[in-house]
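# Tertiary structure, described
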Protein chains: 2
Amino acid sequence: MRLPEMRVLGVDPGLTRCGLGAVEGRPGAPLSLVAVGVVRTPADDDIGSRLVAIERGIEQWLDDVRPDSVAVERVFAQHNVRTVMGTAQAAAVAIVCAARRGLPVALHTPSEVKAAITGSGTAGKQQVGTMVTRLLRLDAMPRPADAADALALAICHVWRGGAQNRLADALARARGRTP
Amino acid sequence: MRLPEMRVLGVDPGLTRCGLGAVEGRPGAPLSLVAVGVVRTPADDDIGSRLVAIERGIEQWLDDVRPDSVAVERVFAQHNVRTVMGTAQAAAVAIVCAARRGLPVALHTPSEVKAAITGSGTAGKQQVGTMVTRLLRLDAMPRPADAADALALAICHVWRGGAQNRLADALARARGRTP
């Protein structure tokens, strides 16, 4: 069965830089870039203003890109303790924006994305960027890295055929983590 | 200078039970209860539906209670690793709902709240509940504990005179934490 083309918006969540990247394609066929960029918020703004600015930015992206689904990086408490709360909160905003529109939301871990794009779950940022550039036939690597990571998330999701990761979610819940 | 009466909505964030409690008063005067309750979401729903349900619940509370400001528990990555991501995401939704309406949002740590209500930053849930019951002159302790904790947050915020914790926020940022 040949899956239909799907347009996916990937979100690499963050308060200072929230990476956004949209691709179109289907498993086993060349992918195309739709749009890539970042939403930035000033580090000295209060958390409320920052989250509202991220919400506004993502809403604009959803209006412009009109994706079929949204892929957000799954945030774990174990990693990067210094910034993880802001990352989780930016992710929450992205998830709410998508879910409010009835769009399917998928969560992929960084290692799932790296493995999908490079073949190795422990690949570095440079390697992920190189593969994103190659897979989308771009002239240069998307900058900053958050933008490239958002595209990697979207590519990963297209290649997984838009599966909702129900199993992964169920497992994460069983372990007591919030998917 | 006598501060004016203020109405504060406290939010004890959580995906399964998000505690909400509103009080009215000013520093140095008796407080009164406005409303208390919880918004619940089913643990087996996907994260998008849960966050949207929490958003809807909080919007309803803001419409009904019409607070002057909102106090949300400050979530730290160090504590309760198993549930902290969901807590952070529910907190993000509460912060966005308030900030979108232009309401001031204050973040208080659990130990700040306990110290304000009981005199000890390490007081247990029962002690906090007992003091909330006494301070609001209630016949019984509000249940579940999340609802009592939300009232404690709101009381703490009234007693701090609605200060925005700019210093605490600046310190948290300097330490690399998201306030």
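Residues numbered from 1 in each chain as written. Chains lettered and ligands numbered in written order. Predicted model: local features only at pLDDT ≥ 70, side-chain atom pairs only at ≥ 80, totals over all residues. Heavy atoms only, no water.

For chain A, the name recorded in an unreviewed UniProt entry is Crossover junction endodeoxyribonuclease RuvC, with Thermocatellispora tengchongensis as its organism. Taken verbatim from the UniProt record of chain A, the Subunit (unreviewed entry) comment is "Homodimer which binds Holliday junction (HJ) DNA. The HJ becomes 2-fold symmetrical on binding to RuvC with unstacked arms; it has a different conformation from HJ DNA in complex with RuvA. In the full resolvosome a probable DNA-RuvA(4)-RuvB(12)-RuvC(2) complex forms which resolves the HJ." Looking at the Sequence similarities (unreviewed entry) heading of the UniProt record, one finds this comment for chain A: "Belongs to the RuvC family." (UniProt positions renumbered as here; feature names shortened; annotations may be inferred.)

We now examine the pattern of salt bridges. Residue and element names in this part refer to chain A. Here the structure, examined in full by the defined rule, presents 18 salt bridges over all chains. A salt bridge links glutamate 59 to arginine 101; its shortest N-O distance comes to 2.5 Å. Taken together, the positions of glutamate 59 in helix H1 (residues 47-65) and arginine 101 in the loop between helix H2 (84-100) and strand S5 (105-108) put the pair 42 residues apart, joining distant regions of the chain. Between arginine 101 and aspartate 63 there is a salt bridge, and its shortest N-O distance comes to 2.9 Å. (Salt bridge = Lys/Arg side-chain N within 4 Å of Asp/Glu carboxyl O. Helix = DSSP H or I, 4+ residues; strand = E, 2+ residues; numbered from the N terminus.)

Helix packing for two helices is described by the angle between their axes and how far apart those axes are. Residues and elements named next belong to chain A. Between H1 and H2, the least distance of the axes is 9 Å, while the angle of their chain directions is 40°. By the angle class used here, H1 and H2 are oblique. Helix-helix and strand crossings are classified by hand; for H1 and H2 the assignment is right-handed. Contacts from Ile47, Leu51, Ile54, Glu55, Ile58, Glu59 and Leu62 in H1 reach Gln89, Ala90, Val93, Ala94, Cys97, Ala98 and Arg100 in H2. Looking at the contact of H1 with H2 residue by residue, the class counts come to ten nonpolar, one polar and three charged. (Axes fitted to C-alpha atoms, helices over the stretch in contact; angles between N-to-C directions. Parallel < 35°, antiparallel > 145°, perpendicular 65-115°, else oblique. Left-handed = near helix turned anticlockwise from the far one by under 90°. Contact = heavy atoms within 4.5 Å. Nonpolar A, V, L, I, M, F, W, Y, C, P; charged D, E, K, R; others polar.)

Residue and element names in this part refer to chain A. In the numbering used here, UniProt assigns the feature "binding site: Mg(2+) 1" (unreviewed entry) to Asp12 and Asp146. A compact arrangement is adopted by the annotated residues: their sequence extent is 135 residues, whereas the largest C-alpha distance between any two is 6.1 Å. By the secondary structure assignment, aspartate 12 is in strand S1 (residues 6-12). Along the chain, aspartate 146 turns up in helix H5 (residues 145-159). In contact with aspartate 146, other than residues within four places in its own chain, are Asp12, Arg17, Gly19 and Val38. Within the local environment of aspartate 146, its side chain forms a polar contact with the side chain of arginine 17, the two groups lying 2.8 Å apart. (Polar contact = N/O pair within 3.5 Å; in protein donor to acceptor, adjacent residues only side chain to side chain.)

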